[in-house]
Amino acid sequence: MKITEAKVIVCCPGRNFVTLKIMTDEGVYGVGDATLNGREKAVVSFLEDYLCPSLIGRDPSQIEDIWQFFYRGAYWRRGPVGMTAIAAIDTALWDIKGKVAGMPLYQLLGGRSRDKIMVYSHANGNDIDTTLAEVAKSVDKGYKAVRVQCGIPGVASTYGVSKGGKSYEPADADLPTESVWSTEKYLNHVPKLFEAVRNEFGEDLHILHDVHHRLTPIEAARLGKEVEQYHLFWLEDCVPAENQDAWKLIRQHTTTPLAVGEVFNSIHDCRELIQNQLIDYIRSTVVHAGGITQLRRIADLAALYHVRTGFHGATDLSPICMGTALHFDYWVPNFGIQEHMAHSEEMMAVFSTSYEFKDGYFTPGETPGHGVDIDEALAAQYPYKRACLPVNRLEDGTLWNW
Ligand code: KDG
Ligand code: MG
């Protein structure tokens, strides 16, 4: 079998998605997600101008060699654009391998390690009461775990809080919008949110929270310590992770479990945090961390240090990434949880899926490959629309981490 064509499909059914489709001379094809939120066209060019031409004529069964060719073979390695492009190729090739074998992807990985995959949903509101009402909606839908985010008094807009009752979509404008952040106001308010959630929903519900890189290590240590009594499932991205040593300080002060990694693209980004046991959950996922081929290595490294997976699953990761991640979750022995932010009906019309939700858990389905496909004709009706992620400033105007 030979690869005959590799084409990039860009569409915007409510938000931008980039999809790579790899065709073969035997009619079998595979698809991979290549979406990098707010930087979509950079990945399109990387694929079309540099990687896709080298795919033509190769044997699609040689997934490992093709991965090494594009990663090790390249002088310029790593980085979100390049690794997203490699991930798309890798995902499409695993899809082809599954279709050729007549097996769902999780079977190729070694078979399932669990009956069902626990996911967490998102609940957010402008204040604590509206947030509690949103948590109740998730609980009513059957979710056993909920990420809880809430507006902060005196802060005009807060990360993760949607506007006008719509689902949260951070890439909201043609050019980056600016929001204002106050660490002091946040730290004083947010423990009250978890106290209210525990009072209302008891101890059984898993609560998660995303700080979105806004704190310094000592501030993160304070927050972790203050919320210990509410037993969070995890505290996510409490500080940026370029300085991995900084996490030691947080770890020394709190037993609140820590999660990080959705912006990582390489096993080298995760290595120190994992080997020093500074985190509990690794969030790097298929589309941004080099596909199944590298993610397997990250998960195996993590397993040695009691670190479990908790893959990113926001709506800017296409249903192809979600479907592929669910196969991985079904297999991976050190699974923790999977993020689930539901795609809109418009998006789900463009992508057909075989994964199923029931009572807080997913199963990936038995369709050969990863089980997700794209309707190209419908996708063509939704042209690309530039949408950028916001930036953040402190109250005095200093540029801060978004
Ligand atoms: O592209 C950015 C989003 O995916 C991100 O803001 C969502 O932090 C996020 C999460 O945990 O889902
Ligand atoms: Mg996050």
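Just above, that's the structure.
Model, not experiment: these values are computed from the prediction. (Residues numbered from 1 in each chain as written. Chains lettered and ligands numbered in written order. Predicted model: local features only at pLDDT ≥ 70, side-chain atom pairs only at ≥ 80, totals over all residues. Heavy atoms only, no water.)

Description of the nonpolar core
Turning to step 1, where the next piece is worked out: Ranked by size, the top nonpolar core spans 109 residues in total, and within it Ile22, Leu47, Ile89 and Trp247 carry the most contacts.
Turning to step 2, where the next piece is worked out: The residues that make up this core include at least three from each of domain 1 (3-104) and domain 2 (108-370).
Turning to step 3, where the next piece is worked out: Contact partners of Trp247, with chain neighbours within four places excluded, come to Cys238, Val239, Pro240, Ala241, Leu258, Ala259, Val260, Leu273, Leu278 and Ile279. (Core = buried A, V, L, I, M, F, W, Y, C linked by side-chain atoms within 4.5 Å. Buried < 20%, exposed > 50% of the residue type's maximum accessible area, 1.4 Å probe, protein only. Domains from an automatic or database assignment. Contact = heavy atoms within 4.5 Å.)

Details of the packing of helix α2 (residues 63-71) against helix α10 (residues 291-304)
Turning to step 1, where the next piece is worked out: At their nearest, the axes of α2 and α10 sit 9 Å apart, and the two run at 90° to each other. On the basis of their axis angle, the class for α2 and α10 is roughly perpendicular. Contacts between α2 and α10 involve Ile63, Glu64, Trp67 and Gln68 from the first element and Thr293, Gln294 and Arg297 from the second.
Turning to step 2, where the next piece is worked out: Here the residues of the contact of α2 with α10 sort into two nonpolar, three polar and two charged. (Axes fitted to C-alpha atoms, helices over the stretch in contact; angles between N-to-C directions. Helix = DSSP H or I, 4+ residues; strand = E, 2+ residues; numbered from the N terminus. Parallel < 35°, antiparallel > 145°, perpendicular 65-115°, else oblique. Nonpolar A, V, L, I, M, F, W, Y, C, P; charged D, E, K, R; others polar.)

Considering the coordination of the magnesium ion (ligand 2)
Turning to step 1, where the next piece is worked out: Taken together, the protein ligands of the magnesium ion (ligand 2) are Asp210 (OD), Glu236 (OE) and Glu262 (OE), with distances of 2.0 to 2.2 Å.
Turning to step 2, where the next piece is worked out: Counting gaps between the donor residues of the magnesium ion (ligand 2) yields the pattern D-x25-E-x25-E. Remark: Glu262 occurs in the loop between β9 (258-260) and α9 (267-275) and Asp210 occurs in strand β7 (residues 206-210); sequence separation between them is 52 residues.
Turning to step 3, where the next piece is worked out: Judged by relative accessible area, which is 11%, Glu262 ranks as buried. (Donors = N, O, S within 2.8 Å, 3.2 Å for Na, K, Ca; no water.)

Re the packing of helix α6 (residues 183-201) against helix α7 (residues 217-227)
Turning to step 1, where the next piece is worked out: One way to put it is that α6 packs onto α7 with a least axis distance of 10 Å and a crossing angle of 20°. In terms of their interaxial angle, α6 and α7 are classed as roughly parallel. Judged by the sense of rotation from one axis to the other, the crossing of α6 with α7 is right-handed. Touching Thr183, Tyr186, Leu187, Asn188, Val190, Pro191 and Phe194 of α6 are Glu219, Arg222, Leu223, Glu226 and Val227, all from α7.
Turning to step 2, where the next piece is worked out: Here the residues of the contact of α6 with α7 sort into seven nonpolar, two polar and three charged. (Left-handed = near helix turned anticlockwise from the far one by under 90°.)

Quick look at the site of ligand 1
Turning to step 1, where the next piece is worked out: As a structural note, the neighbourhood of ligand 1 is formed by 13 residues, with Asn37, Glu236, Glu262, Asp316 and Glu339 the closest of them.
Turning to step 2, where the next piece is worked out: In the environment of ligand 1, an oxygen atom lies 3.0 Å from a nitrogen or oxygen atom belonging to the side chain of Asp210.
Turning to step 3, where the next piece is worked out: Contact distances for ligand 1 include 3.1 Å between an oxygen atom and a side-chain N or O atom of Arg283.
Turning to step 4, where the next piece is worked out: In this structure, ligand 1 is accommodated by the largest pocket. (Near = heavy atom within 4 Å. Polar contact = N/O pair within 3.5 Å; in protein donor to acceptor, adjacent residues only side chain to side chain. 1 Å grid on protein atoms, 1.4 Å probe; cavity = no way out; pocket = protein on both sides within 12 Å on 5 of 7 lines; lining within 4 Å. Sits in = over half its atoms within 2 Å of the grid points.)

Considering the environment of Gly57
Turning to step 1, where the next piece is worked out: Counting through the fold element by element, Gly57 comes out in the loop between α1 (40-55) and α2.
Turning to step 2, where the next piece is worked out: Once the C-alpha coordinates of Gly57 and Leu301 are considered, the two residues, 244 residues apart in sequence, prove to be 34 Å apart.
Turning to step 3, where the next piece is worked out: Setting aside chain neighbours within four positions, we find Gly57 in contact with Lys2 and Ile3.

Observations concerning the pattern of salt bridges
Turning to step 1, where the next piece is worked out: Applying the stated criterion to the full structure yields 21 salt bridges.
Turning to step 2, where the next piece is worked out: The salt bridge partner of Glu376 is Lys21, with a shortest N-O separation of 2.7 Å. Taken together, the positions of Glu376 in helix α13 (residues 376-379) and Lys21 in strand β2 (residues 17-24) put the pair 355 residues apart, joining distant regions of the chain.
Turning to step 3, where the next piece is worked out: A relative accessible area of 10% places Lys21 in the buried class. (Salt bridge = Lys/Arg side-chain N within 4 Å of Asp/Glu carboxyl O.)

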